[in-house]
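Survey of secondary and tertiary structure
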There are 2 protein chains.
Amino acid sequence: MSPAHASPAPVVSPLVPTRGVWQPLGLESVRITGGYWERWQSVNASTMIGHCLQWMERLGWLPNFDKAAAGTLPEGRTGWQFSDSEIYKVLEAMAWEIGRTGDEALEEQLQAITTRVATAQEPDGYIDTMFGRPGQEPRYSDLTWGHELYCMGHLIQAGVARARTVGLDDDLVDVAIRAADHVCREFGPGGREGTCGHPEVETALVELSRVTGDSRYRDQARVFVDRRGHGDHDRPGFEPPYFLDDVPVRDATVLRGHAVRALYFLAGVIDTAVDDVDDELLAAAVTQMTTTLARRTYITGGMGSRHEGEAFGDDWELPSDRAYCETCAGIASVMASQRLLLATGDPRYADAIERSLYNVVATSPSADGRRFFYANPLRQTVLSRQPDNDDVSQRAGTGTRMPWFEVSCCPSNLTRMFASLGAYIATTDDEGVQIHQYADAMIEAQLDAHGEDPSTPAAEARLRVATDYPDAGRITVTVIDGPQHPWTLTLRVPGWADRATLTTPDGEQSVSSGYVEVTRAFTPGETVVLDLDVRARWTWPDPRIDAVRGCVAVERGPLVMALESVDLGVDTGPVCVDVSQPPTDNGRTVTVQVATMANSAVVWPYGSTDHREADAARTAPLIPYHDWSSRGPSTMRVWLPVQ
Amino acid sequence: MSPAHASPAPVVSPLVPTRGVWQPLGLESVRITGGYWERWQSVNASTMIGHCLQWMERLGWLPNFDKAAAGTLPEGRTGWQFSDSEIYKVLEAMAWEIGRTGDEALEEQLQAITTRVATAQEPDGYIDTMFGRPGQEPRYSDLTWGHELYCMGHLIQAGVARARTVGLDDDLVDVAIRAADHVCREFGPGGREGTCGHPEVETALVELSRVTGDSRYRDQARVFVDRRGHGDHDRPGFEPPYFLDDVPVRDATVLRGHAVRALYFLAGVIDTAVDDVDDELLAAAVTQMTTTLARRTYITGGMGSRHEGEAFGDDWELPSDRAYCETCAGIASVMASQRLLLATGDPRYADAIERSLYNVVATSPSADGRRFFYANPLRQTVLSRQPDNDDVSQRAGTGTRMPWFEVSCCPSNLTRMFASLGAYIATTDDEGVQIHQYADAMIEAQLDAHGEDPSTPAAEARLRVATDYPDAGRITVTVIDGPQHPWTLTLRVPGWADRATLTTPDGEQSVSSGYVEVTRAFTPGETVVLDLDVRARWTWPDPRIDAVRGCVAVERGPLVMALESVDLGVDTGPVCVDVSQPPTDNGRTVTVQVATMANSAVVWPYGSTDHREADAARTAPLIPYHDWSSRGPSTMRVWLPVQ
């Protein structure tokens, strides 16, 4: 890892570490121009952000700020104690979106909401519509459940987004800095001793220190990181592991407890380790993520298998039907993995990001951006109710996408993820450009700006990435412009890609999973072509995963595939699959041979004979898992019982 | 089913329906004299009841009544809103125990506690230490969560136990009747409209009507049964199905929601259907239990697969590791099944009772009666903490038995079940005696008391049952005395018993599962011998149960067997079993051949090869599931992956 940079470059990204193997390229450098992710960015801009704002107005979560300003709270306050954070997450999304597109109407909306938020801020910087007024509980009277620092953390992240897109001279940045200053005064040296029950402020504070250059925020984050793990948070049914408060982070070996809490905390831990040059702490984070990916992660990348406590299960506890796999945990895992990727350069984190983006993040929203999954199970056993447009789900596990939730953290989280997707595509270092995620894109990078030889002038590389990924496996990178001296273009070969070839102006070669480098004095117009074999393949589970024993999944490129009852004509329950031949993949459709197992149990489902007879095989199409439930209520299987 | 009886015989049993295929024989008629269940009755009498009383004093749950009497509540009240019910359940246990043994010290204790309870009762019969006083919430202000009727239901059941053992002239009976009268006034015609969020009072009220002959209580139970199912109980995260309040009971086809609520309610529904001669309602109950046994019940008989909401899962959702299988749900399923058995004469209900008694109820307590499982999973993946004697568990899922729980419904429930076990052994009808559960026992029954021919005198049959069941499969019934005319001895051949023979004075015959009848003018000393093949056998799951696909279990007689890490020497995680030969069973030890599967995944647990290679086979002993975790923390499997 390179030494800490004195002042990071002005990168338009949620994450700009002061040191790392690679430096991020943000929205100023990477523009997604087409394909799968461009479609989600468009839907987010046209619909999803507005959908969230509309619901937050309608349910009173935004008007809570007006009531705070008018001094009428607590009367009429609506929403959970963390509802303020939903507004902040959408503000963050709007800031990235404005940075990406310069949308003027959205800028007006952002400023209007910022004004409403700002008027609710107390003179000392504290802001929360739930606490501290006459008739409300006092500030910080319930650190475990109050979510005050969590909410201010999201506010700070929105402020960071604004600072990175329009600069520090901005009302929302001011609100965020005032809140952060308050947090540092209140919880810093000589102040309160506690931590927030829900981590989030840690990663926000480090990022604010990066964008402002003020180390106080980073120091406060480290205080929060170090304070955690001593059992301060402990409630009936919610013991310290739920809050990541059972073991100091340096001693922990795996993620546990509430998955979103765990992953947000991990993000803050990595940020702290990176900026404080604390490699012991970074090693602890790497260990925890390594074990979690090896033993507590679904094939989709989903994390958190338990509905109870929205929590990680024990090792190998990965049931398909009751997979919680909260959308927010998917987003948080992308945040944490991106931090580890930049810090270590290990391609498995880019693999993990790809997996979670395609199979958790992309699974949540409906194609029109107006309905969402909160939980993302890998097996649906019953036909769920199709909601109407006014449905607010009380529960996370719905089986069909819902317009809104009583706890609606996931839709607002998606808006900020989609608006900032460009920040996950590529990075740079002294040698060149690295492309981690594949989409039609334009990439610009200043090369050698940090080179050791001061006589080498900084030069810009401009690349065009053209691909039908993930439908097809060809990625063509064209060098539009670049330095005249040799530099290195690095491409990720995903871990799933068995047979990959790379074609450069020098010829074709087989390449293995990991990063492949092409070092060359590129002339404009030269191309590098990576061909990945995305054809459908069988994927087998580790035998220690009890829940999917005797089953196989189908993956196609980075996509996990699923069998849906809509295509099968009957329920997916008693189906089994013939694995004697590979799945059929004609480039547009993936099919497998399935049959139906005999169901003889009508009285008692356990007996002396093994009922595995199946009827005649027939062909059944599979769909990408992230598209399931798009055609009305259905039952669904990712893991297919082997005949 | 026979017509309703005008006045039921004075049977000392928790359940004395006014009609049914069979009439129960209670503790007055059946004495368990040795063997497996006698041991539990002894431990219950010597230790378990006292253990519960000690904890309820220590934690203040019993002193709550003293504070109520002293008028100092709500100050110092401890425990959940349903803690009163725990005292009532132990009072019920004490009443049965006194009825069974005449224990004078226990009688003194019961009277002392009755006095403390009685002084807390309001003049109008209402009794609850949680509600209605200045500084407390008003009575019935929260029917959904308040548990007031639930608590009074348990009080009424304690009163019924007392009435059946010492008669109606008793202080505890008085308290119970005053409470029941209050409930009828308050919730009867012209009164409040609601139902209790937790069913229980329904079955209690019907039983009180049976013991008092007062139909008002039965009528009130029917009101509660009919009122349910209209969505009155609906809270965030706890929707109507949790409360069995989603569908009127006549329209429901399966049990759902909170398992204990569902099964207590089913008990009340059956009681109402039986006493009101409402065969449509009875048919609904039969349908619900049939579907539940076929699709939502573990091989142990355990019910309720979800930790979240302590609830039934969907059809075929039966994970081993996260099996909740609350001990109370096991007890409640025995209560419901016994009601259906008496009403219908269908042997599968006796099978279900046997299964739940041996594999859920018997699993909960430690051998010394001082520690308990609340949840009864079929797979333990991690080594749990061994508690000390002062441990009060906040959670239900513990992995080792715990001295007490914050919600300690299960230990108190066990005390009343064990004290009344004699009531589940045998029944009678006009033709003779039926034996349903096998234990060393003495059985007395008046035959022909209700016969159609008034010239036939009533005569007593006295039977001795001698058996080492479930260790051995021979059950010898000796007729000590009996009528001189022919009568019928009926024995249950369990559903699992493939090869059973019956030896009577007339010779030996093969018999099939179900009930086998021997009609004969028995002479004193004649024996009927039932030989069941209890040797260990493989049992396969229905292929629709995703969680145990590719696995097999071992059962021995009525016992579900388990593989525990203590015996294996290593973790049970990656183990697999050779099914080419039956399990070895030498009458004392059951062994299987196991191997360990290759564990290759260190980074990502899904890949292109099927890791099913196993190392060399070795012999591993199995233990009865109900004994697991008796030798310290362990990992455990009921379902063994097939090699």
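Residues numbered from 1 in each chain as written. Chains lettered and ligands numbered in written order. Predicted model: local features only at pLDDT ≥ 70, side-chain atom pairs only at ≥ 80, totals over all residues. Heavy atoms only, no water.

1. Focus on the relation of the copies chain A and chain B
Selection criterion: Here the copies are matched by least squares. The fit uses the C-alpha atoms of residues with pLDDT of at least 70 in both. It only takes one pair of heavy atoms within 4.5 Å for two residues to be counted as in contact.
Once chain A has been moved 0.0 Å along the axis and rotated by 180 degrees, it coincides with chain B to within an RMSD of 0.0 Å. Such values leave the two copies arranged in the relation of a two-fold axis. Of the residues that chain A buries at the interface, 98% are likewise interface residues in chain B, meaning the two copies contact each other through the same surface.

2. A look at the sheet that holds strand β11 (residues 487-493) of chain B
All names here are of chain B. Heads up, the condition is: Should DSSP find at least two bridges between two strands, the strands are taken to pair. Helix and strand assignments follow DSSP, with helices taken as H or I runs no shorter than four residues and strands as E runs no shorter than two, numbered in order from the N terminus.
Here we have five strands laid out as an open sheet, ordered β1-β6-β7-β11-β14, and mixed in their pairing. Taken across any chain shown, the strands that pair with only one partner, and hence form the sheet edges, are β1 (23-24) and β14 (514-520). Inspection of the sheet shows β11 paired to β14 by seven bridges, in the antiparallel sense. Within β14, the residue paired with Thr 488 across the bridge is Thr 519.

3. Looking at the sheet that holds strand β13 (residues 507-511) of chain A
Residue and element names in this part refer to chain A. Going by this rule: The convention used is that axes are lines fitted to C-alpha atoms, helices contributing only their stretch in contact, and that angles between N-to-C directions extend from 0 to 180 degrees.
Strand order in the open sheet formed by seven strands is β2-β8-β9-β10-β15-β12-β13, and the pairing between neighbours is antiparallel. Two strands close off the open sheet at either side, each with one partner strand: β2 (30-34) and β13. On average, adjacent strands in this sheet sit at an angle of 20 degrees to one another, irrespective of strand direction. Taken together, the six bridges between strand β9 (residues 459-467) and strand β10 (residues 474-481) define a ladder with antiparallel strand orientation. For Leu 463, the partnering residue across the bridge sits in β10 and is Val 479.

4. Concerning the interface of chain A and chain B
How we decide: Here the quantity called buried area is the total loss of accessible area, with a 1.4 Å probe, experienced by two parts when brought into contact, counted for both. By definition here, a salt bridge exists when the distance from a side-chain nitrogen of Lys or Arg to a carboxyl oxygen of Asp or Glu is within 4 Å.
Tallying the contact residues gives 61 residues for chain A and 60 residues for chain B. Carbon and sulfur atoms supply 50% of the area buried between chain A and chain B, which totals about 5,300 Å² over both sides. Counting across the interface, chain A meets chain B through ten salt bridges. Here Glu 308 of chain B ties to Arg 322 of chain A by a salt bridge, and the two come within 2.9 Å at their closest N and O atoms.

5. Re the domain arrangement of chain A
By convention, interface size is frequently given as the accessible area that disappears when the constituent parts associate. All names here are of chain A. Defined as follows: What counts as a domain boundary in this text is fixed by an automatic or database domain assignment.
Domains assigned within chain A are domain 1 (425-532) and domain 2 (536-641). One C-alpha centre belongs to domain 1, the other to domain 2; they are set 38 Å apart. On the domain 2 side, the residues contacting the four residues of domain 1 number five residues. Carbon and sulfur atoms make up 59% of the area that domain 1 and domain 2 hide from each other, which totals about 430 Å².

6. Points about the packing of helix α1 (residues 36-58) of chain B against helix α3 (residues 83-101) of chain B
Describing two packed helices takes the angle between their axes plus the distance from one axis to the other. All names here are of chain B. Spelled out, the test is: Should an angle fall under 35 degrees it is taken as roughly parallel, and over 145 as roughly antiparallel, whereas 65 to 115 is taken as roughly perpendicular and any remaining angle as oblique. Note: crossing handedness is left-handed where the near helix turns anticlockwise from the far helix by less than a right angle, and right-handed where it turns clockwise. Three categories are distinguished: nonpolar for Ala, Val, Leu, Ile, Met, Phe, Trp, Tyr, Cys and Pro, charged for Asp, Glu, Lys and Arg, and polar for the others, with Gly belonging to the last.
Orientation of α1 relative to α3, taken along the N-to-C sense of each, is 150 degrees, at an axis distance of 11 Å. Here α3 runs roughly antiparallel to α1, going by the angle between their axes. When the axes of α1 and α3 are compared, the crossing they make is left-handed. Along the contact surface, α1 presents Gln 41, Asn 44, Ala 45, Ile 49, Cys 52, Leu 53 and Met 56, while α3 presents Glu 86, Ile 87, Val 90, Ala 93, Met 94, Glu 97 and Arg 100. Considering only residue class, the contact of α1 with α3 consists of nine nonpolar, two polar and three charged.

7. Quick notes on helix α11 (residues 279-295) of chain B
Residues and elements named next belong to chain B. Applied cut-off: The span expected for a helix works out to 1.5 Å for each residue beyond the first. Summary of the burial criterion: residues with accessible area below 20% of their type's maximum are buried, those above 50% are exposed, and those between are partly exposed, where the area comes from a 1.4 Å probe applied to protein chains only.
Counted at 1.5 Å a residue, the expected span for α11 with its 17 residues is 24 Å, and the 24 Å between its end C-alpha atoms agrees. Taken together, the buried positions of α11 are Leu 281, Leu 282, Ala 284, Ala 285, Gln 288, Met 289, Thr 292, Leu 293 and Ala 294. Buried positions along α11 lie against α9 (215-227), α10 (259-275), α12 (327-344) and α13 (347-361).

8. A short note on the layout of surface pockets
Heads up, the condition is: A pocket, in this scheme, is an open set of points on a 1 Å grid over the protein atoms alone with protein on both sides within 12 Å along at least 5 of 7 lines, while a cavity is a set where a 1.4 Å probe fits but cannot get out; residues line either one if an atom lies within 4 Å of a point. Grid points are joined across faces, edges and corners, and a volume is the space filled by probe spheres set on the points.
Here the second largest pocket defines a volume of roughly 770 Å³. Around the second largest pocket, the lining comprises 33 residues; the ones closest to its centre are Trp 604, Tyr 606 and Gly 607 of chain A together with Gly 495 and Trp 496 of chain B. Of all the elements in the fold, those that place two or more residues in the lining of the second largest pocket are β22 (606-607) of chain A together with α13 and β16 (537-541) of chain B. Among the residues making up the lining of the second largest pocket, the classes are represented as 14 nonpolar, seven polar and twelve charged.

9. A few points about the nonpolar core
To keep it simple, the criterion reads: Residues grouped as a nonpolar core are buried Ala, Val, Leu, Ile, Met, Phe, Trp, Tyr and Cys residues, joined through side-chain atoms within 4.5 Å.
Grouped together as the largest cluster of nonpolar side chains are 179 residues, with contacts concentrated most on Trp 37, Ile 87, Leu 91, Ile 435, Ile 443 and Leu 491 of chain A. Two domains each donate at least three residues to this core, and these are domain 1 (425-532) and domain 2 (536-641) of chain A.

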